[in-house]
Amino acid sequence: MVQESSPQVAAQYEIFSADGDEPALQAEQDYFVQASSSSLNQTAVDSVTWNGMIASAYGQYKALDETLKFPWEVGACAGVFRNDPPVSFPSIQPFVESIPPQRVDKPGSQGACVSFSLQVGACYMHAISDMRDLDYSEEKLEQLELACGKWMDILSTHWEASTVGKQICQDLRSDPSGGEAVETLKACFGTKSPSTLLKRAATLRKYLVWHYNEFNSRGVYVHAFPLVESDVWSFFKWLRVERQQKSRGFTTTSTFLETVRFCKFTVGLQGCDEVLGSGRLLGFAAVERREKGPSSQAPILELVHLKKLHEILSLGSDLIDRLGAGAMLVCIYGRARWSDLRYIDHVDVEARRNKTSAVGIRREQYLPLVIPWEGVVSDDWIEVLLKVYQEAGLDMTKVPLGPFLPAPKIGGGFCARPLSTQEAARWLRLLLSGTPGSEKIRCHSLKATLLNWCAKAGLDKEVRAVLGHHSTALHGSDIVYLRELQVRPLRKLQMLLKSIRIGLNLEDIASQGTLLAATPGATTPRPNVFTPPLPVPARGDQVHKPAEEQVVEQAVELVNVEEENESIKEEIENITNLEAFACDLSLFGEEAVRQGSVYYKHVKTSRVHHVRVGKEATNCGKKLNENFKELEPVIYIRLPKCLICFPSAEGRVRTREDAIARFDAALKRARV
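Please read these numbers as outputs of a predicted model, since none were measured by experiment. (Residues numbered from 1 in each chain as written. Predicted model: local features only at pLDDT ≥ 70, side-chain atom pairs only at ≥ 80, totals over all residues. Heavy atoms only, no water.)

Asker: I would appreciate a short explanation of the state of the cysteines in the present structure.
Answerer: In protein chemistry, a disulfide is the covalent bond that joins the sulfur atoms of two cysteines. On inspection of all chains with the given rule, the structure shows zero disulfides. Free cysteine cysteine 263: the closest other cysteine sulfur is in cysteine 272, separated by 5.7 Å. (Disulfide = S-S within 2.5 Å.)

Asker: Please explain the sheet that holds strand β9 (residues 628–630) as it appears in this structure.
Answerer: Whether parallel or antiparallel, the strands of a sheet pair through hydrogen bonds between backbone atoms. Ordered in space as β8-β7-β9, the three strands form an open sheet in which the pairing is antiparallel. Strand pairing shows two members of the sheet lacking a second neighbour, β8 (608–612) and β9, which therefore form its edges. Neighbouring strand axes in the sheet, compared pairwise and without regard to direction, differ in orientation by 40 degrees on average. Relative to β9, strand β7 (residues 597–602) runs antiparallel, the two being bridged by three bridges. Along β9, the bridge assignment pairs tyrosine 600 with glutamate 630. (Pairing = 2+ DSSP bridges. Helix = DSSP H or I, 4+ residues; strand = E, 2+ residues; numbered from the N terminus. Axes fitted to C-alpha atoms, helices over the stretch in contact; angles between N-to-C directions.)

Asker: What am I meant to see in the confidence of the model for the protein here?
Answerer: Predicted coordinates in areas of low pLDDT are best not read in detail. Per-residue confidence for the protein averages 75 on the pLDDT scale, and 67% of its residues sit at or above 70. A low-confidence stretch, residues 1–25 (pLDDT under 50), is modelled with 25 contacts involving residues beyond four sequence positions or located in other chains. Long-range and interchain partners of residues 351–357, a stretch whose pLDDT sits below 50, account for 22 contacts in this model, where long-range means more than four residues apart. (pLDDT = per-residue confidence, 0-100. Contact = heavy atoms within 4.5 Å.)

Asker: For this particular structure, what's the right way to read helix α6 (residues 163–174)?
Answerer: For an α-helix, 3.6 residues make a turn, and residues three or four places apart therefore share a direction. Given a rise of 1.5 Å per residue, 12 residues ought to cover 16 Å, and the 17 Å separating the end C-alpha atoms of α6 matches this to within 8%. Every buried residue belonging to α6 is among Val164, Gly165, Ile168, Cys169, Asp171 and Leu172, and all of these are buried. For α6, the buried positions fall inside an angular range of 160 degrees around the axis, keeping them on one side. Away from its buried face by more than 90 degrees, α6 exposes Gln170 and Ser174. (Expected span 1.5 Å × (residues − 1). Buried < 20%, exposed > 50% of the residue type's maximum accessible area, 1.4 Å probe, protein only. Arc of directions from axis to C-beta.)

Asker: Honestly, the environment of lysine 387 in this entry has me stumped. Any pointers?
Answerer: Inspection of the secondary structure puts lysine 387 in helix α15 (residues 381–391). In sequence terms lysine 387 and leucine 323 are 64 residues apart; their C-alpha atoms lie 9.7 Å from each other.

Asker: Is there a simple way to explain the packing of helix α9 (residues 229–246) against helix α12 (residues 279–291) in this structure?
Answerer: Two quantities define a packed helix pair, namely the angle between the helix axes and the distance between the axes. Remark: α9 packs on α12, axes separated minimally by 10 Å, with the N-to-C direction vectors making an angle of 15 degrees. Considering the angle they form, α9 stands roughly parallel to α12. Judged by the sense of rotation from one axis to the other, the crossing of α9 with α12 is left-handed. Listed contacts from α12 to Glu229, Ser230, Val232, Trp233, Phe236, Lys237, Arg240 and Arg243 of α9 are Arg280, Leu281, Phe284 and Glu288. Looking at the contact of α9 with α12, its residues break down into five nonpolar, one polar and six charged. (Parallel < 35°, antiparallel > 145°, perpendicular 65-115°, else oblique. Left-handed = near helix turned anticlockwise from the far one by under 90°. Nonpolar A, V, L, I, M, F, W, Y, C, P; charged D, E, K, R; others polar.)

Spelled out as structure tokens, the structure:
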């Protein structure tokens with residue numbers, strides 16, 4: 001009976017063995033054989049329950065307690081029986097020149113381009129770090145595999161405490177290699193960023209280490225999962241003591257609550273609702289976050305900084321520093337983070353020297369980064385950047401482009417990996433050395449610069465949200481991912497850059513409340529409002545034919561410029577006086593005021609009220625004040641009327657069909 005059960009026990013245990021320690025494995029097999037032979041009269045369990053017991057025991061006791069030592073490992077015996085490292089004697093080693101392994105560049109990668117000449121004193125040489133040369137896809141795949149391994153280790157502490165843990169446990173029984181379990185874990189993670197997965201795993205692992213040390217010090221073993229509110233409360237108090245000792249970690253408790261919320265909806269961890277619904281945990285995290293004080297925001301770049309980057313791009317002595325300055329300007333004018341340039345799908349260069357010209361960069365998930373052709377200087381900096389990009393040996397026409405600026409090699413050429421954010425920040429500070437405040441500049445300063453300028457110039461919140469690629473802009477993320485919907489904000493940005501280029505300060509622009517037009521030589525544009533379609537004048541000498549460029553300007557402005565409320569009110573007030581239009585006003589229809597009556601229009605609602613001559617109140621009972629304006633005896637524009645003052649007015653729009661018929665009639669009159 002023992003010979004029949006021991007192979008089965010060994011096979012079932014081998015499924016969950018990962019350390020490969022053969023002596024320990026044989027010892028535990030012998031232990032299980034003796035246990036099975038001594039308990040033949042007890043109730044047997046099925047294979048599923050047995051595998052669960054083995055997996056749970058392995059996850060609990062796989063890490064040996066360092067405090068439990070043998071007698072010869074403590075006291076005086078430890079100095080006799082311990083394994084001392086071998087004594088090393090000095091010797092002369094033969095000199096062997098080591099050849100570093102060369103990376104085999106993939107076909108079409110940017111690293112396979114021609115080398116460039118090395119200039120002494122180049123800024124990029126002091127900014128580039130010695131890192132593993134992995135391209136964007138390889139780095140993401142490696143991080144995902146590492147994250148899956150860490151989460152598998154976390155869930156193995158108690159498979160039954162989470163929904164995903166139970167599924168992975170079933171996958172391990174069907175596929176001992178673990179491939180099916182990893183596939184299940186990746187599917188549960190979905191499209192979440194590998195860096196986010198690693199961050200959540202590190203936070204949860206810190207709780208597991210604290211829980212193990214806290215309860216094992218008392219000689220008690222308790223599962224860390226499912227989460228218990230009282231245990232998390234003790235963990236928070238321990239984090240506060242650690243924060244007071246190290247003077248950092250003010251947001252650790254808030255991060256842990258975010259991790260618990262992640263575990264609830266991603267892996268189905270039990271006990272999350274109790275933790276997330278605890279008032280004292282939420283309040284404790286809020287108090288700790290408040291103790292941190294105000295966050296330190298990245299300083300914005302000044303105009304002198306942008307001009308310095310333009311100068312390096314145009315007249316720099318080192319080709320790679322010129323390329324780096326151009327990439328920084330792309331981030332500034334594109335209002336993009338540096339991480340947005342890690343992987344670019346393709347670059348579209350549209351018609352230049354036009355007021356709507358721009359360079360469009362599309363990154364992952366097709367987020368369009370539209371860059372205006374003209375900046376704070378009058379030079380064609382985009383044309384210079386394209387030339388420098390080509391001289392450096394990079395191909396901007398490649399699809400997908402990959403990193404917009406690969407990390408340059410010290411000996412020449414480019415790596416396959418993108419330039420990291422830390423390297424870009426060091427490079428930017430070196431390029432701007434000598435300018436005021438350059439030592440405090442960070443990478444996020446690139447994105448925040450133009451957005452801060454727009455706020456100082458008085459641009460509205462919706463425009464700034466679209467320019468900053470925020471998903472809260474207007475009606476959600478559609479306006480962020482559709483380039484056509486960014487036309488109006490880009491037009492306003494071009495006007496701002498035009499105003500700065502001719503010497504105006506941001507304070508002057510905000511005080512004036514207007515921006516110069518983007519066309520050369522144009523004056524401050526008149527706010528455009530919608531006016532009814534006018535027919536062709538009867539006299540030909542009154543027809544004004546503007547230039548073609550002006551027609552395009554007005555068309556774009558009508559579509560893309562938002563009417564200010566004050567301008568709309570002023571235009572509505574003056575719309576009744578149509579004598580300035582040289583046309584036959586009878587085509588619009590006319591309405592004469594009845595004798596003994598006066599019509600007043602409310603300036604806020606634009607509703608017409610009826611007042612008898614000599615009365616100081618309307619028929620509906622409203623007293624006349626400064627909000628009412630008297631209309632002319634003949635009205636050419638149909639305005640909404642008060643239902644009480646005009647109970648039986650002809651042609652009143654009462655239904656949707658009446659409104660459609662009224663619009664159709666107006667269009668027919670306009671086409672005559």
